[in-house]
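# Descriptive structure summary
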Amino acid sequence: MDFLFDFQSLGIGGATLAMFVMLMALLLTGMPLAFVTLLVALIFALGWFGPMAVPLITSRIFSFVNSFVFVSVPMFVLMAAILDRSGIARDLFDAMKVLAGRIRGGVAIQTLLVAVVLAAMSGIIGGEVILLGLLALPQMLRLGYDRKLAIGVCCAGGALGTMVPPSIVLIIYGLTANVSVGDLFSAAFLPGLMLAGFYATYILIRAYTNPALAPIAEPEDITRAEKLRLLKGLFLPILVVIFVLGSIYGGIASVTEASAIGVIGVTLSTIIRGEFSTELMIGAAKQTLRTVGMIVWIGIGASALVGVFNLMGGITFVSNLITGISDNPTVVILFMMLILFVLGMFLDWVGIALLCMPIFVPIVRDMGYDPVWFGVVFAMNMQVSFLSPPFGPAAFYLKSVAPPDISLGEIFRSLLPFIGMQILAVAVLIAFPGITGH
């Protein structure tokens, strides 16, 4: 009982600080986030309430993993894994040659277009960055493109899967904020294209103000038959995108059902292309289990921690702290964005969503803002976390496939202009919420 008394004697403010310090200290040991959050939840549940609190943790966890919408996560991950292993992305990249034409910076624009289509097919960033690093980066370097521009386009383009539906980030946000995922997808579509537009504008301005940065590729003598053959590579991916997003936006299928349509569509594409094999499907299934396993474990740990913190009265305490920053709602939103930005440098987006959204979303609702709009702003903020040092995952994904002479430091330096554009996009969404339609 001494242990119990000691914890409660700290008061909610002291206990919140102790919880944060314990989280950071355990994360610095290298222990995975999922197990850190579970351990801290258990320690504080026993220390504050005693053994009777443990069943409450299990009921929180069950409500998280029992959500029907969550089924769409492994489906979209499987879709991305099959894409990784098939030649669909390579053919898509080749087909874009015809569309990019002979504009300056054409290969970079072509890379961006491929990134948008791949994002609309799967919503997983790891595979996209690696695919672009294997397909586009060597080609841009061979043509004499500025290294920083080439690296930035591959990383930032690959990270568009966070914004462009069907985004896993939006699905997890929808689960934690109790918001319709279909509404989130509709609201995020235009902002995702807006960000891609920012990138394209930046590429063209840089290319035309300094032609040495992005030389025009030597014109290939492509016959009409060859053009038609290349454009066929666009047909199947675009068809999959139309079926997945069209079924959601048209109200024909729920997000979960549309994810199953996507898996069937990508699998049929590999069969039509003659690439289907048992090895391909087993490899894709293993990759899916690894990724989804990580997401589920982080979700379990975060749900337990937030549940215990809520019972302690911690969420009310933190809400009062945040809203006490200013009477101006915009300042409160900007403060939340700053918290997310700093957390994004150190934590995985799944952990950030599951730990912060139960606290942030009720505040957003109370201030009269639409939680769907806030979800889009959150996803845009997470774009920054994928690129920002010291742990920006997109940089590490690219480093794994980049030529050996490209250092991690050079990758992070290359990403600075793109991080600037992402922050600008967050500012635009806050200033003009109508862009999301909410």
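Structure shown above.
Residues numbered from 1 in each chain as written. Predicted model: local features only at pLDDT ≥ 70, side-chain atom pairs only at ≥ 80, totals over all residues. Heavy atoms only, no water.

### Focus on the overall build of the chain
Within the chain, the secondary structure is distributed over 20 helices and 0 strands. Along the first, second and third principal axes, the C-alpha atoms of the chain reach 80 × 45 × 45 Å. Among the 438 residues that make up the chain, the fraction classed as buried is 53%. Long-range pairs, those at least 24 residues apart, make up 79% of the contacts in the chain between residues at least 6 apart in sequence. Here the chain has roughly 18,300 Å² of accessible surface; of this, 69% comes from carbon and sulfur atoms. Of the side chains in the chain, 20 bear a positive and 21 a negative charge, and the two mean positions are spaced by 10 Å. (Helix = DSSP H or I, 4+ residues; strand = E, 2+ residues; numbered from the N terminus. Buried < 20%, exposed > 50% of the residue type's maximum accessible area, 1.4 Å probe, protein only. Contact = heavy atoms within 4.5 Å. Areas by Shrake-Rupley, 256 points an atom, 1.4 Å probe, with all protein chains shown as cover. Lys, Arg positive; Asp, Glu negative; His and termini not counted. Charge placed at Lys NZ, Arg CZ, Asp CG, Glu CD.)

### What about the state of the cysteines?
If you walk through the whole model with that rule in mind, you get 0 disulfides. The thiol of cysteine 155 is not disulfide-bonded; the next cysteine sulfur, from cysteine 154, is found 7.3 Å away. Residue class for cysteine 155 comes out buried when judged on its relative accessible area of 0%. (Disulfide = S-S within 2.5 Å.)

### Section: the environment of proline 191
On the secondary structure map, proline 191 appears in helix α11 (residues 181-209). We classify proline 191 as buried; its relative accessible area is 0%. Taking the C-alpha atoms as reference, proline 191 lies 9.4 Å from valine 428; in sequence the two are 237 residues apart. Residue contacts for proline 191: discarding those within four places in its chain leaves Met163, Val376, Met380, Leu429, Ile435 and Thr436.

### Some words on the packing of aromatic side chains
Per the stated rule, a full pass over the model turns up 8 aromatic pairs. On the basis of an interplanar angle of 75° and a centroid distance of 6.2 Å, the ring pair of phenylalanine 396 and phenylalanine 412 is categorised as edge-to-face. Here phenylalanine 396 is found in helix α19 (residues 393-399), whereas its partner phenylalanine 412 is found in helix α20 (residues 408-431), with 16 residues between them in sequence. Residue phenylalanine 396 is classed as partly exposed on the basis of its relative accessible area, which comes to 39%. You can call phenylalanine 412 buried: its relative accessible area is 11%. Three or more aromatic residues joined by ring pairs make a cluster, and in this case those are Tyr199, Tyr202 and Phe418. (Phe/Tyr/Trp six-rings, centres within 6.5 Å; stacked < 30°, edge-to-face > 60°.)

### Quick word on the pattern of salt bridges
Evaluation of the coordinates by the stated rule reveals 4 salt bridges. Across the pair aspartate 405 and arginine 147 runs a salt bridge whose closest N-O atoms are separated by 2.7 Å. Taken together, the positions of aspartate 405 in the loop between α19 and α20 and arginine 147 in helix α9 (residues 147-158) put the pair 258 residues apart, joining distant regions of the chain. (Salt bridge = Lys/Arg side-chain N within 4 Å of Asp/Glu carboxyl O.)

### Thoughts on unusual backbone geometry
Cis geometry is found at the peptide bond from proline 165 to proline 166, where omega equals 5°. Assignment of secondary structure puts proline 166 in the loop between α9 and α10 (168-177). Positive phi outside glycine occurs at asparagine 178, with the angle close to 60°. Among the residues examined, asparagine 178 registers a relative accessible area of 69% and is labelled exposed.

### Some words on the nonpolar core
Core analysis: the largest hydrophobic core is formed by 161 residues, its most contacted members being Leu160, Ile168 and Phe374. Those residues in contact with leucine 160 that lie beyond four places of it in its chain are Leu112, Ala115, Val116, Ala119, Gly192, Leu195, Ala196, Tyr199 and Gln383. (Core = buried A, V, L, I, M, F, W, Y, C linked by side-chain atoms within 4.5 Å.)

### A closer look at the environment of leucine 132
You can see leucine 132 is positioned in helix α8 (residues 125-142). Sequence spacing of leucine 132 and threonine 111 is 21 residues, and the spatial spacing of their C-alpha atoms is 7.2 Å. Leave out the neighbours within four places in its chain, and leucine 132 touches Thr111, Val114, Ala115, Leu137, Cys154, Gly157 and Gly158.

### Some details on helix α13 (residues 255-272)
With 18 residues, α13 extends 25 Å from end C-alpha to end C-alpha; this agrees with the ideal 26 Å at 1.5 Å per step. Of all the positions in α13, only Val255, Thr256, Ala258, Ser259, Gly262, Val263, Gly265, Val266, Thr267, Ser269 and Thr270 are classed as buried. Glycine 274, located one to two residues past α13, shows a positive phi value of around 75°. (Expected span 1.5 Å × (residues − 1).)

### Section: the packing of helix α2 (residues 11-28) against helix α15 (residues 314-323)
Orientation of α2 relative to α15, taken along the N-to-C sense of each, is 90°, at an axis distance of 10 Å. Between α2 and α15, the crossing angle belongs to the class labelled roughly perpendicular. Listed contacts from α15 to Ile12, Gly13 and Thr16 of α2 are Gly314, Phe317 and Val318. For the contact of α2 with α15, the per-class residue count stands at 3 nonpolar, 3 polar and no charged. (Axes fitted to C-alpha atoms, helices over the stretch in contact; angles between N-to-C directions. Parallel < 35°, antiparallel > 145°, perpendicular 65-115°, else oblique. Nonpolar A, V, L, I, M, F, W, Y, C, P; charged D, E, K, R; others polar.)

### Things to note about a nonpolar patch on the surface
On the surface, a cluster of nonpolar side chains totalling about 510 Å² of accessible area is made up of Ile264, Leu268, Ile271, Ile272 and Phe276. Mapped onto the elements, leucine 268 comes out in helix α13. (Patch = residues over 30% accessible without salt bridge, like charges linked within 9 Å, V, L, I, M, F, W, Y side chains within 5 Å.)

### A look at the side chain of serine 167
Checked against the element boundaries, serine 167 lands in the loop between α9 and α10. Within the local environment of serine 167, its side chain forms a polar contact with the backbone oxygen of threonine 162, the two atoms lying 2.6 Å apart. From its side chain, serine 167 meets the backbone nitrogen of valine 169 in a polar contact 3.2 Å long. (Polar contact = N/O pair within 3.5 Å; in protein donor to acceptor, adjacent residues only side chain to side chain.)

### Some points on helix α7 (residues 106-121)
If you check α7, its first and last C-alpha atoms are 23 Å apart, about what 16 residues at 1.5 Å a residue would give, namely 22 Å. Buried residues dominate α7, accounting for 15 of its 16 residues.

### Describing the packing of α11 against helix α18 (residues 371-387)
Look at α11 against α18: their axes get within 9 Å of each other, and the N-to-C directions meet at 40°. The hand of the α11/α18 crossing is right-handed. When α11 is examined against α18, the residues Asp183, Leu184, Ala187, Ala188, Pro191, Met194, Leu195 and Tyr199 are found in contact with a partner set consisting of Val372, Gly375, Val376, Met380 and Gln383. (Left-handed = near helix turned anticlockwise from the far one by under 90°.)

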